[in-house]
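Chain residues, written in single-letter form:
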Amino acid sequence: MTIKHVKGDKKGDVMLYALSTCVWCKKTKAFLEEMHVDFQYLDVDLLDKQERATVMDEIRKWNPACSFPSLVIDNSRCIVGYDEQKMRESLNL
């Protein structure tokens with residue numbers, strides 16, 4: 001499983017669960033990069049079946065609907081979908 005890392009300003013532990021083909025996931029990545037946020041991401045659809053099942057169980061803890069994007073911040077809160085205002089507030093941007 002390859003978790004990708006985008007370097008930027010540390011705003012906490014920021015993990016994005018995304019799909020490589022999802023427009024809103026791409027917008028979320030672009031927004032985080034534009035704001036120079038240090039984050040990690042995983043394109044769930046590119047994982048093999050076993051890894052995907054494991055990751056989906058992890059996402060389900062934060063987002064029972066397992067929709068994308070799911071942005072987990074400091075292992076304490078999750079922003080579901082593309083919500084620029086919530087991202088700005090949660091990351092102190």
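For the structure itself, consult the block above.
What counts, and at which threshold
Residues numbered from 1 in each chain as written. Predicted model: local features only at pLDDT ≥ 70, side-chain atom pairs only at ≥ 80, totals over all residues. Heavy atoms only, no water. Buried < 20%, exposed > 50% of the residue type's maximum accessible area, 1.4 Å probe, protein only. Helix = DSSP H or I, 4+ residues; strand = E, 2+ residues; numbered from the N terminus. Pairing = 2+ DSSP bridges. Core = buried A, V, L, I, M, F, W, Y, C linked by side-chain atoms within 4.5 Å. Contact = heavy atoms within 4.5 Å. Axes fitted to C-alpha atoms, helices over the stretch in contact; angles between N-to-C directions.

Trainee: Could you give an account of the pairing of strand β4 (residues 70–73), naming the residues involved and the relevant values?
Mentor: The two faces of β4 match: S70 and V72 on one face and L71 and I73 on the other face are all buried. As paired elements, strand β2 (residues 14–18) and β4 share four bridges and run antiparallel to each other. Bridge pairing links L16 to L71 in β4. Examined bridge by bridge, β4 and strand β5 (residues 77–80) share four bridges and lie antiparallel to one another. Its bridge partner being in β5, V72 is matched across the sheet by C78. The loop that links β4 with its antiparallel partner β5 comprises three residues; one of these, D74, has a positive phi angle of about 55°.

Trainee: I'd love a proper account of the nonpolar core, names of residues and values included.
Mentor: In this structure, Y17, L32, V44, I59 and L71 are the most contacted members of the largest nonpolar core, which totals 27 residues. Counting residues per element, the ones that place at least two in this core are β2, α1 (23–34), β3 (39–43), α2 (49–62) and β4. Looking at which element gives the most residues to this core, the answer is β2, with five residues. For L32, the contacting residues outside a window of four places in its chain are V37, F39, L71, M87 and L91.

Trainee: Can you tell me about the sheet that holds β2, naming the residues and giving the values?
Mentor: The five strands are arranged β1-β3-β2-β4-β5 in an open sheet whose pairing can be described as mixed. Edge positions in the open sheet fall to β1 (4–6) and β5, since each of these has one partner strand only. Strand-to-strand, the axes of this sheet are offset by a mean angle of 20°, without reference to chain direction. Along the sheet, α2 makes contact with β2, β3, β4 and β5, crossing β2 at roughly 115°.

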